[in-house]
Amino acid sequence: MEPWIFVTLGAASAQMLRFMLQKMLRTATLSTAGSTFARFIYSSPLVLIIAVSYAQMTGQVRPAFDAGFWGYAVVGGLSQIIATMCVVAIFTQRNFAVGITFKKTEVLLAAIIGLIVLGEGVTLWALVAILIGLAGVLLLSDPPDAVGAWHTRIFNKAAGLGLLSGALFAVSGVAYRGASTGLATGDTFLRAIVTLACVTAFQTAIMAIWLIWREKGEIGRVLGAWRVAGLVGITSMLGSIGWFVAFTMQTVALVKAVGQAELLLSLLAGWLVFGEVISRREWQGLALILCSILLLVLVV
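For clarity, every value in this text was computed on a predicted model and none was experimentally measured.

About the cut-offs
- Residues numbered from 1 in each chain as written.
- Predicted model: local features only at pLDDT ≥ 70, side-chain atom pairs only at ≥ 80, totals over all residues.
- Heavy atoms only, no water.
- 1 Å grid on protein atoms, 1.4 Å probe; cavity = no way out; pocket = protein on both sides within 12 Å on 5 of 7 lines; lining within 4 Å.
- Points joined across faces, edges and corners; volume = space filled by probe spheres on them.
- Helix = DSSP H or I, 4+ residues; strand = E, 2+ residues; numbered from the N terminus.
- Nonpolar A, V, L, I, M, F, W, Y, C, P; charged D, E, K, R; others polar.
- pLDDT = per-residue confidence, 0-100.
- Axes fitted to C-alpha atoms, helices over the stretch in contact; angles between N-to-C directions.
- Parallel < 35°, antiparallel > 145°, perpendicular 65-115°, else oblique.
- Left-handed = near helix turned anticlockwise from the far one by under 90°.
- Contact = heavy atoms within 4.5 Å.

## Section: empty space enclosed by the protein
Link 1 in the chain: Scanning the model with the defined rule gives 1 cavity of 30 Å³ or more in all.
Link 2 in the chain: Taken as a whole, the largest cavity encloses approximately 40 Å³ of empty space.
Link 3 in the chain: Along its surface, the largest cavity is lined by Arg39, Ser43, Val47, Gln80, Leu196, Thr200, Gln203, Ser236 and Ser240.
Link 4 in the chain: For the lining of the largest cavity, the secondary structure elements donating two or more residues are helix H2 (32-58), helix H9 (188-214) and helix H11 (226-249).
Link 5 in the chain: Among the residues forming the lining of the largest cavity, the class breakdown is 2 nonpolar, 6 polar and 1 charged.

## Some points on the confidence of the model for the chain
When pLDDT drops low, the exact placement of atoms in the prediction is not to be read closely.
Link 1 in the chain: Summary statistics for the chain give a mean pLDDT of 77 and a share of 73% for residues scoring 70 or more.
Link 2 in the chain: Confidence, read as mean pLDDT per element, is least for helix H7 (residues 150-154) in the chain (56) and greatest for H9 (91).

## What to know about the packing of H2 against helix H3 (residues 67-90)
Link 1 in the chain: Following both chains from N to C, one finds H2 and H3 inclined at 125 degrees, their axes separated by 9 Å at the closest point. Considering the angle they form, H2 stands oblique to H3. Considering the relative orientation of H2 and H3, their crossing is right-handed. Across from Thr32, Ala33, Ser35, Thr36, Arg39 and Phe40 in H2, the residues of H3 making contact are Gln80, Ile81, Thr84, Met85, Val88 and Ala89.

Right, here's the structure in full:
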């Protein structure tokens, strides 16, 4: 296989491990905001070290930042924070594999956001993919007991959190691309890692301010849970770098298609680690969304 495939599989594996560790933190120790903060506080210094070391080893000058870069970085950073909190919150509503699948609606929602914001139309096959994904989301949003009126089963908190996280992850991806490509100097990896370093530093600061204001003592609990929270930071860093590197080696569509391996990995993790059982309807929803995403990345 080509190198970018291994990089993508590595990034998907690291991301799945991060969400698994965040689920453990959320259900056992920390709040939703605290487990989200753990991702940034432990990864930010590592990313900064890598960025500085790489620039020195290659003899490159740090790219200059303009207002446009910081605008994209702030929008992307805030969107990713809220999206991550939504995914972590899903873990308290539904099981692990379904939570990860809800996040994967970012691929579908990116097409819709592109149509609304950028005026980019979709082909007939892309529309078919979106409709298949919608059917899968409706299946997943229906609670396992299926008790009560259909509208209360479809329009529930888990469905709302999942769709919101997907939309915000789509926004953050567009913003990060704008920030990284807007840098005038440096090779592809330097621009990517510098952008990542700036974003994670901003996210760490803004999350710290929020926790000090709204959840006193939570930062101490994050630091106290360093054994697991530190692994969250490391896996977050590895996953983020992996996605950036893969995108520089191959088209985003192909990378995202291979990256759907995260869905299968999350199913294995939910079964082996958390002892979760997925219902037949949820299996059907997972299959529809997976087919939808694969079709979308193939036709767009």
